[in-house]
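Spelled out from the first residue to the last, the chains are:
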Amino acid sequence: MRHWPLLALRLTTPRLELRLPGLDDLDALADRAAEGVHDPGEMPFGEPWTDAPPHERARSTVQIHFRQWGTWSPDHWSCSFVTVWEGQVAGVQEMRARDFAVTREVDTGSWLGRRFQGRGIGTEMRAAVLHLAFAGLGARCATSSAFLDNTKSLAVSRRLGYREDGFAVEKRRGEAALQQRLRLSRDEWTTPDGFEIHGLEPCLPLFGASEGITDPGGAP
């Protein structure tokens, strides 16, 4: 689409492709949500959307993408890529920002279907959007956060070089829970080999990043 070039934006890594989902991708992603994302005794999310029945999880997974597209602006955007591994939609890697043109700061979040976990996919897909942020959009910093008992997410952040940045108290299932904040600066990041960005140039104004691009990598 000439008026929505984000649909042609792709990130590729040695094993993965990340892209904004088409309708078939959304159907597959809804299936992943219905199949399950984590052990029912755990809750890695502040908004406990995974407590809903499978059919509601599937529907809400589709709807969140429509809402993000409908409210996107250069001053406030959420870019949720589907992660594709060996031809299968495995989960979501989100990157979001407010006032990016000024702050040059992004935040990330993600989830994977349970049968795709434990393969290093979570680390690789986070690295892909960090490459987009730092090399493609000229970000200065990336942040993340996870509840203290979400050891998998915290391990991904530490593996990628994030440093601890204090704590926050959040409501989770009606109770207070402690979150670890994390921060990674551009100077602390080195993109691994084999990571590329495709179709970025026409998308830059939508990210509020029409200037300051350094090394997009891959085909524009």
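Here's a quick rundown of the structure. Note that the structure is predicted; figures quoted are calculated from it, not measured. (Residues numbered from 1 in each chain as written. Predicted model: local features only at pLDDT ≥ 70, side-chain atom pairs only at ≥ 80, totals over all residues. Heavy atoms only, no water.)

As for the nonpolar core
Judged by nonpolar contacts, the single largest core of 47 residues is most densely connected at L6, W77, F81, L137, L200 and F207. Counting only elements with at least two residues in this core, the list comes to β2 (16–19), β3 (76–85), β4 (88–98), β5 (105–112), α4 (121–136), β6 (141–147), α5 (151–159) and β8 (175–185). Here the element with the most residues in this core is α4; it accounts for nine residues. (Core = buried A, V, L, I, M, F, W, Y, C linked by side-chain atoms within 4.5 Å. Buried < 20%, exposed > 50% of the residue type's maximum accessible area, 1.4 Å probe, protein only. Helix = DSSP H or I, 4+ residues; strand = E, 2+ residues; numbered from the N terminus.)

Some words on the packing of aromatic side chains
Applying the stated criterion across every chain, the model contains 10 aromatic pairs. Between W72 and F207, the aromatic rings sit 5.5 Å apart at their centres with planes inclined by 70°, giving edge-to-face as the arrangement. Residue W72 is located in the loop between α2 (54–71) and β3, and its partner F207 is located in the segment after β9 (196–198); the two are separated by 135 residues in the primary sequence. Just as W72 is buried, F207 falls in that class too. Look at F134 and W189: their rings are 6.3 Å apart centre to centre, the planes differ by 40°, and that puts the pair in the tilted class. With F134 in helix α4 and W189 in the loop between β8 and β9, this residue pair connects regions lying 55 residues apart in the sequence. By relative accessible area, F134 is classed as buried at 2%. You can call W189 buried: its relative accessible area is 11%. Ring pairs connect the aromatic residues W4, W72, W77, F100 and F207, which therefore count as one cluster. (Phe/Tyr/Trp six-rings, centres within 6.5 Å; stacked < 30°, edge-to-face > 60°.)

Focus: the pattern of salt bridges
Enumeration over the complete set of coordinates arrives at 14 salt bridges. We note a salt bridge from D25 to R19, for which the minimum N-O separation is 3.0 Å. With a relative accessible area of 12%, D25 lands in the buried category. A residue is classified by how much of its surface remains accessible, and R19, at 23% relative accessible area, is partly exposed. Here D51 ties to R173 by a salt bridge, and the two come within 2.7 Å at their closest N and O atoms. Remark: R173 occurs in the loop between β7 (163–172) and β8 and D51 occurs in the loop between α1 (23–35) and α2; sequence separation between them is 122 residues. Residue D51 is classed as partly exposed on the basis of its relative accessible area of 43%. For R173, a relative accessible area of 39% corresponds to the partly exposed category. (Salt bridge = Lys/Arg side-chain N within 4 Å of Asp/Glu carboxyl O.)

Here we look at the state of the cysteines
With the rule as written, the count across this model stands at zero disulfides. The thiol of C141 is not disulfide-bonded; the next cysteine sulfur, from C79, is found 18 Å away. Free cysteine: C203, not disulfide-bonded; nearest cysteine sulfur from C79 at 8.3 Å. (Disulfide = S-S within 2.5 Å.)

A look at a nonpolar patch on the surface
On the surface, a cluster of nonpolar side chains totalling about 370 Å² of accessible area is made up of L148, F167, V169 and L178. Of note, L148 is situated in the loop between β6 and α5. (Patch = residues over 30% accessible without salt bridge, like charges linked within 9 Å, V, L, I, M, F, W, Y side chains within 5 Å. Areas by Shrake-Rupley, 256 points an atom, 1.4 Å probe, with all protein chains shown as cover.)

Comments concerning α5
For α5, the full list of buried residues reads S153, L154, V156 and S157. Buried residues along α5 cover an arc of 155° about the axis, so they all sit on one side. Facing away from the buried side of α5, by more than 90 degrees, are the exposed residues T151, K152 and R159. As for α5, its buried residues are in contact with α4, β6 and β8. Within two residues after α5, G161 carries a phi angle of roughly 100°, on the positive side. (Arc of directions from axis to C-beta. Contact = heavy atoms within 4.5 Å.)

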